[in-house]
Amino acid sequence: MHAVAVVEDNSELLADLVEFLNLRGFHAVGFDSAETFFCAWAVQSFSLLLLDIVLPGADGFEIAQQVRAKDPCVGIVMLTALDANDDQVKGLGVGADIYLSKRSSLEVIEAACYSVLRRVQAASHSAMDQSELWTLFAASWQLQAPSRVKVVLTHVETIVLAALFDAAGMSVSREALLQRLEKPETLSNLRNLDNVVSRLRKKVHAACKMELPVRSGYGKGYVFVGARVVSP
């Protein structure tokens, strides 16, 4: 699921965009200012930004410029009422991928988001450093470290890692992981899940002398923070 940050100070439009994108299969989060967005960006990554330009405090141009300087692969869609050519040139100049009018239909906005995300994914794959790549061979229950050492996994470990790999760097809640394991959400199963992750970290370190890049996510889940790919 693609994480999308929608930055818009019009509360009604913000709610409409977030609701629509979530209904269309995105994980959209709304922010009413640059400041609230940057606070969230410090602890959460986004694949795509949908930015208004005229905002209280820092504007959309400043957001795009700062984000693009730190993350060249993130997608940026400018959505604004400013139609002047100079504004469009400036928006594209600071790193926006697409510049849309707020008069655009929700379907056009959705299509633009998917178009930009395809570019983001292509850029991410081409830029991925193979020396840092973790590969999950789900069918054979194996995890290959960047050092090319393969670690044999249990069925449960494979399911947990597959869920984290599929999340594209986003935190996966412990409850969602239990659902993937087809286990009820009980205190005992939550503890067992934490033990699975702990044992997996130790197993990987013992096998290849590398730290498994699984971190406790923002909230109460886990996130795989390294470069990763799933092979059949």
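Remember, predicted model here, so these are calculated numbers, not experimental data.

Definitions and cut-offs
Residues numbered from 1 in each chain as written. Predicted model: local features only at pLDDT ≥ 70, side-chain atom pairs only at ≥ 80, totals over all residues. Heavy atoms only, no water. Helix = DSSP H or I, 4+ residues; strand = E, 2+ residues; numbered from the N terminus. Contact = heavy atoms within 4.5 Å. Areas by Shrake-Rupley, 256 points an atom, 1.4 Å probe, with all protein chains shown as cover. Phe/Tyr/Trp six-rings, centres within 6.5 Å; stacked < 30°, edge-to-face > 60°. Buried < 20%, exposed > 50% of the residue type's maximum accessible area, 1.4 Å probe, protein only. Lys NZ or Arg CZ within 6 Å of the ring centre and 35° of its normal. Expected span 1.5 Å × (residues − 1). Axes fitted to C-alpha atoms, helices over the stretch in contact; angles between N-to-C directions. Parallel < 35°, antiparallel > 145°, perpendicular 65-115°, else oblique. Nonpolar A, V, L, I, M, F, W, Y, C, P; charged D, E, K, R; others polar. Pairing = 2+ DSSP bridges. Left-handed = near helix turned anticlockwise from the far one by under 90°.

### Remarks on the overall build of the protein chain
Helix and strand counts for the protein chain stand at 8 helices and 12 strands. Within the protein chain, contacts between residues at least 6 apart in sequence are counted, and of these 57% link residues at least 24 apart. Element-wise, carbon and sulfur atoms account for 54% of the exposed surface of the protein chain, whose accessible area totals about 11800 Å².

### Remarks on the packing of aromatic side chains
What characterises a pair of aromatic rings is the spacing of the ring centres plus the angle enclosed by the ring planes. The full count for this structure, using the stated rule, is 9 aromatic pairs. Plain terms: the ring middles of phenylalanine 37 and phenylalanine 38 are 5.2 Å apart, the flat faces sit at 55° to each other, and that makes the pair tilted. According to the relative accessible area criterion, phenylalanine 37 is buried, its value standing at 0%. Lysine 150 extends its terminal NZ or CZ atom over the ring of phenylalanine 137, reaching a point 4.5 Å from the ring centre.

### Things to note about helix 1 (residues 11-23)
With 13 residues, helix 1 ought to run about 18 Å at 1.5 Å a step, and its terminal C-alpha atoms sit 18 Å apart, in line with that. Just beyond helix 1, the residue with positive phi is glycine 25, at close to 100°.

### Details of the packing of helix 6 (residues 155-166) against helix 8 (residues 187-208)
Where helix 6 meets helix 8, the axes come as close as 10 Å, and the angle between the chain directions of the two elements is 95°. With respect to each other, helix 6 and helix 8 are oriented roughly perpendicular. Across the interface between the two elements, Val156, Glu157, Val160 and Leu161 of helix 6 pack against Leu193, Val196, Leu200 and Lys203 of helix 8. A breakdown of the residues in the contact of helix 6 with helix 8 according to their chemical character gives 6 nonpolar, no polar and 2 charged.

### A closer look at the sheet that holds strand 11 (residues 221-224)
The 3 strands are arranged 9-11-10 in an open sheet whose pairing can be described as antiparallel. The open sheet has two edge strands, strand 9 (172-173) and strand 10 (214-216), and neither has a second partner. Both strand 10 and strand 11 contribute to a ladder of 3 bridges, which runs antiparallel. Of the residues in strand 11, the one forming a bridge with valine 214 is phenylalanine 224. Running over the sheet, helix 6 touches strand 9, strand 10 and strand 11 and is turned about 70° from strand 11. The strands that helix 8 touches are strand 10 and strand 11; relative to strand 10, the one it contacts most, it runs at about 140°.

### Some remarks on the packing of helix 2 (residues 34-41) against helix 3 (residues 60-70)
Running from N to C, helix 2 and helix 3 cross one another at 15°; their axes reach a closest spacing of 11 Å. In terms of orientation, helix 2 and helix 3 fall into the roughly parallel class. Seen from above, helix 2 lies across helix 3 with right-handed handedness. Judged by residue contacts, Ala34, Phe37, Phe38 and Trp41 of helix 2 engage Ile63, Gln66, Val67 and Lys70 from helix 3. When grouped by side-chain class, the residues that make up the contact of helix 2 with helix 3 number 6 nonpolar, 1 polar and 1 charged.

Nothing here speaks to function; it is all geometry.
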